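Here are the chains, one letter per residue:
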Amino acid sequence: LMWGLITLATLGCESSTSSEAPSISTPETIQVAQGGPIIKDVSVAEFQSLLAQLDGALLLDVRTPEEWAEGHLAGAAHKDYWGDADFDEAMNSIPRNRPVLVYCAGGGRSGLTAKELHDAGHMEVYNLETGIAGWIKEGQPVVTGPPADF
């Protein structure tokens, strides 16, 4: 188990070839076995599968309002990680046992949000590791319109 965690942490340190601004790196996967808390960076395919499988999960977009207006995932709630004064309050309002699937533009802000939610006691948090940019690159749909409720 320890070797696997070290290997995963090392994999999470690989550099990106993206032309986007650098993002803060998060561990590839931190997962406690036997039904413990889960925080996991996932691919577009995994994220899509989790959206279909997890009943009652919160889909959370943490980009700016300008980014949100350009398009977002259908059914997403929205809170600006950097700009909403009530961001922490909103995160604290999410029930700790409700799965959260979080994304941003490229995975940085959502990775920070995932870690904060995990540290606050949320039991199941998934981060779209390539953000909405990866989602769009893989041909997945985006929509416009108002956010879903928390």
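Heads up: the structure comes first, above all this text.
Residues numbered from 1 in each chain as written. Predicted model: local features only at pLDDT ≥ 70, side-chain atom pairs only at ≥ 80, totals over all residues. Heavy atoms only, no water.

A.B. asks: Teacher, can you tell me more about the nonpolar core here?
C.D. replies: Note that soluble globular proteins tend to have their nonpolar side chains buried in a common cluster. Residues L60, V62, M91, V100 and V102 are the most contacted members of the largest nonpolar core, which totals 17 residues. Listed by contribution, the elements that provide at least two residues to this core are strand 3 (58–61), helix 4 (87–93), strand 5 (100–103) and helix 5 (108–119). Each residue touching V102, except ones within four places of it in the same chain, is listed here: F47, L60, V62, S110, T113, A114, V125, Y126, N127 and L128. Counting residues in hydrophobic clusters, the runner-up holds 16 residues, among them V42, F47, L50 and Y126. (Core = buried A, V, L, I, M, F, W, Y, C linked by side-chain atoms within 4.5 Å. Buried < 20%, exposed > 50% of the residue type's maximum accessible area, 1.4 Å probe, protein only. Helix = DSSP H or I, 4+ residues; strand = E, 2+ residues; numbered from the N terminus. Contact = heavy atoms within 4.5 Å.)

A.B. asks: It is not clear to me how the pattern of salt bridges should be interpreted in this structure. Could you clarify?
C.D. replies: When the charged atoms of two side chains with opposite charge come close together, those side chains can pair. Here the structure, examined in full by the defined rule, presents five salt bridges. For R109, the salt bridge is made with E67, and the minimal N-O distance between the two is 2.9 Å. Here E67 lies in helix 3 (residues 65–70) and R109 lies in helix 5, a separation of 42 residues in the sequence. Residue R109 shares its accessibility class with E67, and that shared class is buried. Across the salt bridge formed by D86 and K79, the nearest N and O atoms sit 3.0 Å from each other. We classify D86 as partly exposed; its relative accessible area is 32%. (Salt bridge = Lys/Arg side-chain N within 4 Å of Asp/Glu carboxyl O.)

A.B. asks: Which parts of the structure should I look at to understand helix 2 (residues 44–53)?
C.D. replies: In an α-helix, one turn spans 3.6 residues, which is why side chains three or four residues apart end up on the same side. If you check which residues of helix 2 are buried, you get V44, F47 and L50. The arc that holds every buried residue of helix 2, seen down its axis, measures 125°, which confines them to one face. In this structure, helix 2 carries A45, A52 and Q53 as exposed residues pointing more than 90 degrees from its buried face. On its buried face, helix 2 sits against strand 2 (38–42), strand 3, strand 5, strand 6 (124–128) and helix 6 (131–137). (Arc of directions from axis to C-beta.)

A.B. asks: Whenever I open this one, the pairing of strand 3 confuses me. Can you help?
C.D. replies: A regular strand places its side chains on the two faces of the sheet in alternate fashion. Taking every second residue as pointing to the same face, both faces of strand 3 are buried, with L58 and L60 on one and L59 and D61 on the other. Pairing analysis gives four bridges linking strand 3 to strand 5, with the strands arranged parallel. Bridged to D61 within strand 5 is Y103. Pairing between strand 3 and strand 4 (residues 77–78): two bridges, direction parallel. If you follow L60 over to strand 4, its bridge partner there is A77. As for the winding sense of the linkage, the β-α-β connection from strand 3 through helix 3 to strand 4 is right-handed. (Pairing = 2+ DSSP bridges. Right-handed = clockwise from strand over helix to strand, strands pointing away.)

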